[in-house]
Amino acid sequence: MSTARTSRRRLLASAAGLGGAALATTVATADEAAAADALAGWLNVKDSAYGALGDDSADDQPAIQKAIDAAGQGGTVYFPPGKYRIASPLKLSLGVTLRGDWNPHFPVRTNMPDSFLRPGIGNFTGEALIVIDPAPAQGAYIDSAYRGGPRLYGLALDGRDTLTKVPDGATVGDPIDGVRINPGVKDVGMDKVTIWRFTGNGVNAQNAAAFQFNQVHCVDNNLHGFTWGDSQGTGGGLVDADLFQCYSQGNSLHGYDILNPNAVTMVDCRSEWNGRHGYNITGINYSMVVVGCNTDRSGQDGFHVSTSAGGRFIQFLGCLAKRDGKTGTGWSGFSITGSAAEGVVLTGCSTSTGRNDDNTGDYSPSYGITTSALNSASCVSLVGGEYVGVTAPFNDAGAVVVRHSGVTAGTHTDTGITWDKSDVHMVSGAAGTTRDVQFWSRGKNRRWALRTTDTAESGAGDGSDFALVRYADDGTAIDTPVTVRRNTGRITLGQSGTTPGVVVNATASPGVSLVQTQAAGQGYSVTGADTASRAFQSQVTGDSINRFAMDIAGTQSFGPGGSTGRDTSWGRLGAAQVGSADSDIVAGLAGKGIKVKEGTNAKMGTLTLNGATAVTVATTAVTATSRIFLTVQAPGGTPAGIAYVSARTAGTSFSVKGVAGDTSTVAWLIVEPA
């Protein structure tokens with residue numbers, strides 16, 4: 001190879017790295033390209049050596065294929081402006097570049113007047129317009145890897161004459177893809193390529209790897225816009241791929257159909273007005289990052305992730321789902337379903353509702369995000385973002401959504417959107433399972449857990465109680481100091497050992513204040529394990545023995561504090577009896593004493609003597625052993641100072657007599673012996 005040839009090729013390669021503007025300048029005219037062929041290894045399909053016409057009539061496939069075969073590994077086949085009809089697929093295997101001058105974004109707006117490849121009119125035979133097969137000699141392919149694999153640049157592929165496009169994937173005859181990449185192919189690059197109006201898929205890759213796609217547009221195809229694998233799980237999936245600013249619009253099935261993604265990055269890609277899901281991601285999600293991608297008016301879900309067990313890590317960052325689910329109710333901007341969703345994270349993603357561009361049709365989607373059919377170990381993490389649906393912002397049927405800071409939600413109604421702007425952290429899981437927020441010491445074991453327990457829910461507002469769980473240094477549960485019952489709202493404090501369950505260190509008075517707002521409500525209720533249990537006890541700092549205690553029956557005992565035991569008690573002594581079994585009752589303040597209620601069936605009262613005639617006092621308080629004390633309160637008649645109990649009937653009455661002429665007022669008091 002001459003120095004001039006090498007320098008020219010490197011110059012052109014450098015120009016390619018500068019982007020579309022530099023490349024367009026490099027290949028601006030057929031004459032310039034032809035002049036460069038001899039030095040740069042560029043082969044012009046219209047050169048006499050190959051004979052393509054580009055007249056929109058003749059079959060140019062043999063001429064183009066001849067140029068491809070002549071170019072070999074690292075060569076470039078250039079298509080000057082023209083309308084190239086081909087009756088059978090163009091075949092690539094080695095690292096050949098097919099290069100045209102196409103760059104517009106929306107093909108339907110330009111009607112492709114100048115430069116495109118199109119299947120032959122009514123006589124195309126094959127599975128795709130361009131078929132890429134593995135390199136025939138793997139050793140030679142690997143040895144020349146510095147020149148890369150097959151590359152398509154600046155091409156327009158128009159399949160409008162293959163078959164008539166019909167809704168939702170229906171075809172007449174065998175579908176024809178725009179580009180078919182067969183199993184075993186590696187290192188395919190596509191840049192500024194438009195594929196539209198094919199009866200099959202725009203790009204169909206099965207069990208191939210290492211893709212670099214930039215601004216590849218698949219529009220109005222009868223199946224998927226892009227597909228890597230199919231719904232039956234065949235085809236190997238998408239591996240080692242970077243997709244940048246790709247665009248899928250108006251395809252009858254999914255915009256992007258992706259199986260088993262592994263080491264995949266999608267940046268700034270779009271999916272609009274496709275018949276089914278905008279992004280259909282299925283199988284085992286080994287690792288995938290989707291950044292700044294968006295959907296608009298998909299027939300079904302905007303982003304549909306149907307996972308299989310064994311995968312991890314699919315990250316959505318700054319993605320937007322807009323007006324999806326246009327074909328019916330139940331669809332969502334984001335849908336996470338399948339058997340597992342470990343590692344599914346949505347950061348700064350959002351959904352919005354809307355109708356068709358002309359304001360017809362129904363508002364959609366039904367939900368901002370839906371989860372379903374996932375195992376209880378799955379977790380879909382939402383960080384920031386805004387989720388809106390016509391029915392509800394969230395349809396957490398899988399009970400796996402964890403909402404983090406900054407997530408807002410809204411429901412689209414006839415009068416507008418009703419917003420829920422609360423900053424909610426959600427931990428959800430199936431009924432009958434524990435749901436924890438755990439606190440760990442880094443490098444050690446968990447220390448605490450806030451838990452919704454696995455107690456059964458019967459539908460009566462019970463079960464799924466709330467608990468605070470304490471753990472030992474080795475991470476094993478010690479006890480549950482606090483439990484809140486969902487059916488009653490009551491708080492249970494329970495702790496093992498002798499340490500008090502609750503300690504209040506008060507810096508203000510009162511230390512504990514209970515305000516009972518319910519009429520006739522109860523203040524405190526204590527249930528003891530036995531009759532020796534205490535309902536209350538108190539001491540002063542430094543005491544080793546409580547100065548005051550009240551047992552579960554209400555008996556109160558008192559002591560001097562310090563280390564001296566309590567020596568005085570007061571409480572129930574029997575039926576309708578209150579007193580002390582070990583202490584005197586003392587009125588220790590002058591002016592204070594004992595007051596006894598008088599009246600019907602009382603223990604105390606007054607009577608007026610009738611001389612020696614007995615005066616009867618009716619009272620059920622008198623017993624056979626009652627001590628009845630009499631004393632003159634006011635002399636009357638001929639007072640003699642003599643009054644005595646002359647008779648008694650237990651439980652009924654007693655009688656009092658004086659002497660002839662004595663009408664004094666006498667007080668009486670009944671006291672029972674202890």
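What you see is a predicted model; the values in this text were computed from it and never measured.

So, how was this worked out
- Residues numbered from 1 in each chain as written.
- Predicted model: local features only at pLDDT ≥ 70, side-chain atom pairs only at ≥ 80, totals over all residues.
- Heavy atoms only, no water.
- Helix = DSSP H or I, 4+ residues; strand = E, 2+ residues; numbered from the N terminus.
- Buried < 20%, exposed > 50% of the residue type's maximum accessible area, 1.4 Å probe, protein only.
- Lys, Arg positive; Asp, Glu negative; His and termini not counted.
- Salt bridge = Lys/Arg side-chain N within 4 Å of Asp/Glu carboxyl O.
- Contact = heavy atoms within 4.5 Å.
- Patch = residues over 30% accessible without salt bridge, like charges linked within 9 Å, V, L, I, M, F, W, Y side chains within 5 Å.
- Areas by Shrake-Rupley, 256 points an atom, 1.4 Å probe, with all protein chains shown as cover.
- 1 Å grid on protein atoms, 1.4 Å probe; cavity = no way out; pocket = protein on both sides within 12 Å on 5 of 7 lines; lining within 4 Å.
- Points joined across faces, edges and corners; volume = space filled by probe spheres on them.
- Pairing = 2+ DSSP bridges.
- Axes fitted to C-alpha atoms, helices over the stretch in contact; angles between N-to-C directions.
- Polar contact = N/O pair within 3.5 Å; in protein donor to acceptor, adjacent residues only side chain to side chain.
- pLDDT = per-residue confidence, 0-100.

Thoughts on the side chain of Asp324
- By secondary structure assignment, the location of Asp324 is in the loop between strand 26 (320-322) and strand 27 (332-338).
- Among buried Asp, Glu, Lys and Arg side chains, Asp324 stands out as unpaired, with Lys326 the closest opposite charge at 7.6 Å.
- Beyond its immediate stretch of four places on either side in the chain, Asp324 contacts Thr295, Asp296, Arg297, Ser298, Gln300, Asp301, Gly302, Ser332, Gly333, Ser364 and Pro365.

Topic: a nonpolar patch on the surface
- On the surface, a cluster of nonpolar side chains totalling about 720 Å² of accessible area is made up of Ile491, Leu493, Val502, Val504, Val512, Leu514 and Tyr524.
- Mapping Leu493 onto the fold places it in strand 41 (residues 491-493).
- Classification of Leu493 by relative accessible area gives partly exposed; the value is 47%.

Some remarks on empty space enclosed by the protein
- The tally for this structure, following the rule as stated, stands at three cavities of 30 Å³ or more.
- Quantified by volume, the largest cavity comes out at close to 60 Å³.
- Taken together, Asn285, Thr307, Ser308, Gly311, Arg312, Phe313, Ile314, Ala340, Ala341, Glu342 and Val344 form the lining of the largest cavity.

A closer look at helix 4 (residues 61-71)
- Buried within helix 4 are the following residues: Gln61, Ala63, Ile64, Gln65, Ala67, Ile68 and Ala71.
- On its buried face, helix 4 is in contact with strand 1 (42-44), strand 2 (55-59), strand 3 (76-78), strand 4 (83-86), strand 5 (90-92) and strand 6 (97-99).
- Gly72 sits one or two positions beyond helix 4 and adopts a positive phi of about 65°.

Structural notes on the sheet that holds strand 27
- Taken in spatial order, the eleven strands of this open sheet run 5-8-11-13-15-18-21-24-27-30-33, and their pairing is parallel. In this open sheet, the two strands that pair with only one neighbour each are strand 5 and strand 33 (392-396). The sheet shows a mean angle of 10° between the axes of neighbouring strands, taken without regard to direction.
- Two strands pair when backbone bridges link them, and strand 30 (residues 367-372) and strand 33 are joined in this way by four bridges, in the parallel orientation.

Digging into the sheet that holds strand 47 (residues 604-608)
- In spatial order, the strands read 47-52-49; together these three strands make up an open sheet with antiparallel pairing. Each of the sheet's edge strands pairs with one partner strand only, and the pair in question is strand 47 and strand 49 (627-634). Across the sheet, the mean angle from the axis of one strand to that of its neighbour is 25°, orientation sign disregarded.
- With seven bridges joining them, strand 49 and strand 52 (residues 665-671) adopt antiparallel strand pairing. In the strand pairing of strand 52, Val632 is matched with Val666.

Observations regarding the pattern of salt bridges
- Taken as a whole and judged by the stated rule, the model has 14 salt bridges.
- In this structure, Arg323 engages Asp357 in a salt bridge whose closest nitrogen and oxygen atoms are separated by 2.8 Å. With Arg323 in the loop between strand 26 and strand 27 and Asp357 in the loop between strand 29 (350-352) and strand 30, this residue pair connects regions lying 34 residues apart in the sequence.
- The exposure class assigned to Arg323 is buried, which follows from its relative accessible area of 8%.
- A salt bridge links Arg451 to Asp436; the nearest nitrogen and oxygen atoms lie 2.8 Å apart. With Arg451 in strand 38 (residues 446-452) and Asp436 in strand 37 (residues 435-440), the pair connects residues that are 15 residues apart, well separated along the chain.
- Its relative accessible area of 18% is what places Arg451 among the buried residues.
- Note on Asp436: relative accessible area 21%, which makes it partly exposed.
- Look at the salt bridges and you will find they share partners, linking Asp56, Arg85, Arg118, Asp158 and Arg197 into a network.

Looking at the side chain of Ser626
- Topologically, Ser626 is positioned in the loop between strand 48 (615-618) and strand 49.
- Judged by its relative accessible area of 3%, Ser626 falls in the buried class.
- A distance of 2.7 Å separates the side chain of Ser626 from the backbone nitrogen of Thr623, its partner in a polar contact.
- Excluding anything up to four places from it in sequence, Ser626 contacts Ala621, Arg648, Ile670, Val671 and Glu672.

Considerations on unusual backbone geometry
- In this structure, the amide linkage connecting Ser364 to the following residue, Pro365, adopts the cis form with an omega of 5°.
- Positionally, Pro365 belongs in the loop between strand 29 and strand 30.
- The amide bond that connects Ser509 to the next residue, Pro510, takes the cis arrangement and shows omega of 0°.
- Locating Pro510 in the fold gives a position in the loop between strand 41 and strand 42 (534-538).
- For Ala210, which is not glycine, the phi dihedral falls at a positive 65°.
- Here Ala210 is to be found in strand 14 (residues 209-219).

Quick look at the confidence of the model for the chain
- Counting all residues, the mean pLDDT for the chain is 84, and 85% of those residues have values of 70 or more.
- Within the model, pLDDT remains below 50 along residues 1-40, and this stretch shows 44 contacts once partners closer than five positions in the same chain are excluded.

Observations concerning the pairing of strand 12 (residues 186-196)
- For strand 12, a buried count of eight out of eleven residues is recorded, marking the element as mostly surrounded by other parts of the structure.
- Bridge count between strand 9 (residues 151-153) and strand 12: three bridges; the pairing is parallel. Considered in strand 12, the bridge of Tyr153 is made with Asp191.
- Pairing between strand 10 (residues 156-158) and strand 12: three bridges, direction parallel. What sits directly across from Leu157, in strand 12, is Ile195.
- Pairing analysis gives nine bridges linking strand 12 to strand 14, with the strands arranged parallel. The residue bridging Thr194 from the neighbouring strand is His217, located in strand 14.

Quick look at the pairing of strand 14
- In terms of burial, strand 14 is largely enclosed, as nine of its eleven residues are buried.
- In the sheet, strand 14 pairs with strand 16 (residues 239-244) via five bridges, with the strands oriented parallel. Within strand 16, the position partnered with Asn214 by the bridge is Phe244.
- As paired elements, strand 14 and strand 17 (residues 247-249) share three bridges and run parallel to each other. Its bridge partner lying in strand 17, Val219 is registered against Gln249.

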